Amino acid sequence: MQRTWFPLAFWPGALLVALILWYVLETLYRLPPPGDALQIEQVERLVGHAAAPAGLAAAGWQPVRLPEDWLHDGIDGTEVWYRARIDLDVPPNRLWAILLPGVNLAAAVYFNGELIGASQHLEEPLSQDWNRPLLFTIPNGHLRPGANDLHVRVLSYPSGHGFMAPVYLGPEELLRPSFQDRTFVQIQLSRFITMGTAFMSVFLGLIWWLRRSEAVYGWLALSTLFWSAHSLKYHVSSIPVTSFEWAGLLFLTAVGFSTAVSMFMIRFTEVRRPWMERLLLGHAALAIVVLLVLTLLGTDVMYTAAQWFVSVAILLAGINFVRMAARIRHLSETDFYLVGAAVLIVLVVGVRDWVLILGFMERSRGQYTQYAIPLLLGVLGLVLVNRFVQALRANERFTEELTATVDAKTRELERRHAEIRELERERALAEERERLMRDMHDGAGGHLVSSMALLRAKGLDDPDVTRALREALTDLRLMIDSLDPVDDDLNTVLGMLRDRMQQPLAASGLSADWRLEPLPPLRELRPEQVLQILRILQEALTNVIRHAGAARVTVTAEYDRERNLARICVGDDGRGLGDGSRRGRGL
């Protein structure tokens, strides 16, 4: 089915699916706060560096309301302290905890001046906990009646990119389920998706290796590989390099993913655009060189350059998304709409996340690209795998048809060779038969005829001798007849017998009645078998002539279909053998 665009009825449905996914993700990221927990939103903030609350200045604290995004509030720094005073009437009688749903990048929590928990690394390389909820239990005895002081130290990189969400304080048994739910949605699910895309990359790479003429598999494998590397930022906390270098690597994977997926879409539409491919690969090469150099130099210009390169790569990917949506003519109807819906979802989510990254949305609402991109990659991978499976099935069908054709041709050749061999055998038999017939006719046959003529010429016409010579001549003729090709036809054999025995029967004064039904062919009816049949019937008729004293002889041939056999009977109206007959020896 050829298509040039999606029908108008498709877009509302696809948009509805995208909005439903958006709503589900918003709901997951906005999990209800733990019941009966104290939500701390009104705090004071101080920009500055200190190893512990005791080293903080008494002045300079400003009241703020959480959540706070440093980009929105113009905070220029890499470290900010937050404090709040909590009044408790009585100390709790069970274990309490503090839940930080979101911070960027790392945090340390102090309660009444004591450190109760912190991110794993508070020095470079900083822990990457921007997408990870943090839960710290408060040791028994740290909570006291009356005023309690809470301090949260937040560290971020680069400068001014920090974030602090509201803090929850309450019994640990109430906070932990919420912490576990958020950890599953934001960390464990993301880690599972990364593993899935990495496996998909290897699988598609193997298909491309087997079918290197189809670059579309290789570009999608490279896309999933870049995305797997880029998605590590969503769940990896401890990094092997500095935050600056880590950011540079993430920018490179973003450019690599956007470029690879754009190349995939160009090849997927089966409409080549060499100028677009050169633009994409040139932009990617320039981005890699510039970002690597700026990252190695350690200059903050890298962030500005990276934003431009990533923005251009995403713009080009968006253009190719739209082109792919308009030109995927070769897909089945189901694949066509699946790809279209996935593309629309990615476009909607991508615009939403880019707005969030630029600071126009609250960052505590999370990035949904980590779920939408794998969805698109999975759909595209499913379509390609389906295409690969269909190609294998078509190849199998072709192989089966080719095998069947070859087998048929082989059987035909074997049949022809068998026919040729049979013809050669029959030709050899015919030549041998001609030679034997000629030898018997000119040799033994000629001698018998000469002997009979000689007896008549000398007046020695002894009936017994003449009969013996005539029977020998008849037998010789039957032997010659048995060498004729009969093509498994017993009817022909009986015809030859009738022709040869008609004269002796008539000479004996016998009336012959031949009742011959058409008999089916007998497979492998060879000359020696023909001779045996002829001699048996000849002997039966000869006995009638010599001993039966009959006036009439009947030869019957019929086919018994139930028993699948041919029956030949010789009967006469003579006197038979009688009770005083002498038993012969069957010769």
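Check the entry above for the structure.
From a predicted model like this one, the values you see are computed outputs, not experimental measurements.

A. Region of interest: the side chain of Thr-194. Position of Thr-194 among the secondary structure elements: in helix α3 (residues 172-210). Among the polar contacts made by the side chain of Thr-194, one reaches the side chain of His-235 at a distance of 3.1 Å. With residues near it in sequence (within four places) discarded, Thr-194 still touches Ser-228, Ser-231, Leu-232 and His-235.

B. How the structure looks around the packing of helix α4 (residues 215-230) against helix α5 (residues 243-268). In contact at an axis separation of 8 Å, α4 and α5 are set at 155 degrees when each is read in the N-to-C sense. On the basis of their axis angle, the class for α4 and α5 is roughly antiparallel. Between α4 and α5 lies a crossing of left-handed hand. On the side of α4, the interface is formed by Ala-215, Val-216, Trp-219, Leu-220, Leu-222, Ser-223, Phe-226, Trp-227, Ala-229 and His-230, while α5 contributes Leu-250, Thr-253, Ala-254, Gly-256, Phe-257, Ala-260, Val-261, Met-263, Phe-264, Arg-267 and Phe-268. Of the residues in the contact of α4 with α5, the class split is 16 nonpolar, four polar and one charged.

C. The arrangement of the pattern of salt bridges in detail. Counted under the stated rule, the structure contains 15 salt bridges. Across the pair Arg-267 and Glu-277 runs a salt bridge whose closest N-O atoms are separated by 3.0 Å. With Arg-267 in helix α5 and Glu-277 in helix α6 (residues 274-297), the pair connects residues that are ten residues apart, well separated along the chain. A relative accessible area of 23% places Arg-267 in the partly exposed class. Classification of Glu-277 as buried rests on a relative accessible area of 7%.

D. The sheet that holds strand β8 (residues 106-111), seen in detail. Spatially, β3-β2-β5-β11-β8-β9 is the arrangement adopted by the six strands of the open sheet, whose pairing is antiparallel. Among the strands making up the open sheet, the edge pair consists of β3 (62-65) and β9 (114-118). Here the average twist between neighbouring strands, direction ignored, is 30 degrees. Bridge count between β8 and strand β11 (residues 146-155): six bridges; the pairing is antiparallel. Considered in β11, the bridge of Ala-108 is made with Arg-153.

E. Inspection of the pairing of strand β10 (residues 134-138) at higher detail. A large share of β10 lies buried, amounting to four of its five residues. Direction of pairing for strand β6 (residues 96-100) relative to β10: antiparallel, over a ladder of five bridges. Paired with Ile-98 across the two strands is Phe-136, which belongs to β10.

F. Representation of helix α11 (residues 490-507) in the model. For α11, with 18 residues, the first-to-last C-alpha span of 26 Å sits near the 26 Å given by 1.5 Å per residue. The largest bend along α11 measures about 40 degrees and falls at Met-501, with the proline Pro-504 one to four residues further on. Those residues of α11 that sit buried are Leu-490, Val-493, Leu-494, Met-496, Leu-497, Met-501, Pro-504 and Leu-505. Phi for Gly-509, located one or two positions after α11, is positive at around 80 degrees.

G. Expanded view of the nonpolar core. Leu-204, Tyr-217, Leu-220, Phe-264, Leu-376, Leu-377 and Leu-384 are the most contacted members of the largest nonpolar core, which has 39 residues in total. Listed by contribution, the elements that provide at least two residues to this core are α3, α4, α5, α6, α7 (301-327), α8 (333-357) and α9 (369-457). It is α9 that contributes the most residues to this core, nine residues altogether. Setting aside residues no more than four positions away along its own chain, Phe-264 makes contact with Val-216, Trp-219, Leu-220, Ser-223, Leu-380 and Leu-384. Core analysis: the next-biggest nonpolar cluster, separate from the first, contains 29 residues, Leu-66, Tyr-82, Ile-138 and Leu-169 among them.

Here is what the cut-offs are and how they apply
Residues numbered from 1 in each chain as written. Predicted model: local features only at pLDDT ≥ 70, side-chain atom pairs only at ≥ 80, totals over all residues. Heavy atoms only, no water. Helix = DSSP H or I, 4+ residues; strand = E, 2+ residues; numbered from the N terminus. Polar contact = N/O pair within 3.5 Å; in protein donor to acceptor, adjacent residues only side chain to side chain. Contact = heavy atoms within 4.5 Å. Axes fitted to C-alpha atoms, helices over the stretch in contact; angles between N-to-C directions. Parallel < 35°, antiparallel > 145°, perpendicular 65-115°, else oblique. Left-handed = near helix turned anticlockwise from the far one by under 90°. Nonpolar A, V, L, I, M, F, W, Y, C, P; charged D, E, K, R; others polar. Salt bridge = Lys/Arg side-chain N within 4 Å of Asp/Glu carboxyl O. Buried < 20%, exposed > 50% of the residue type's maximum accessible area, 1.4 Å probe, protein only. Pairing = 2+ DSSP bridges. Expected span 1.5 Å × (residues − 1). Bend = angle between axes of the 7 residues up to and from the residue. Core = buried A, V, L, I, M, F, W, Y, C linked by side-chain atoms within 4.5 Å.

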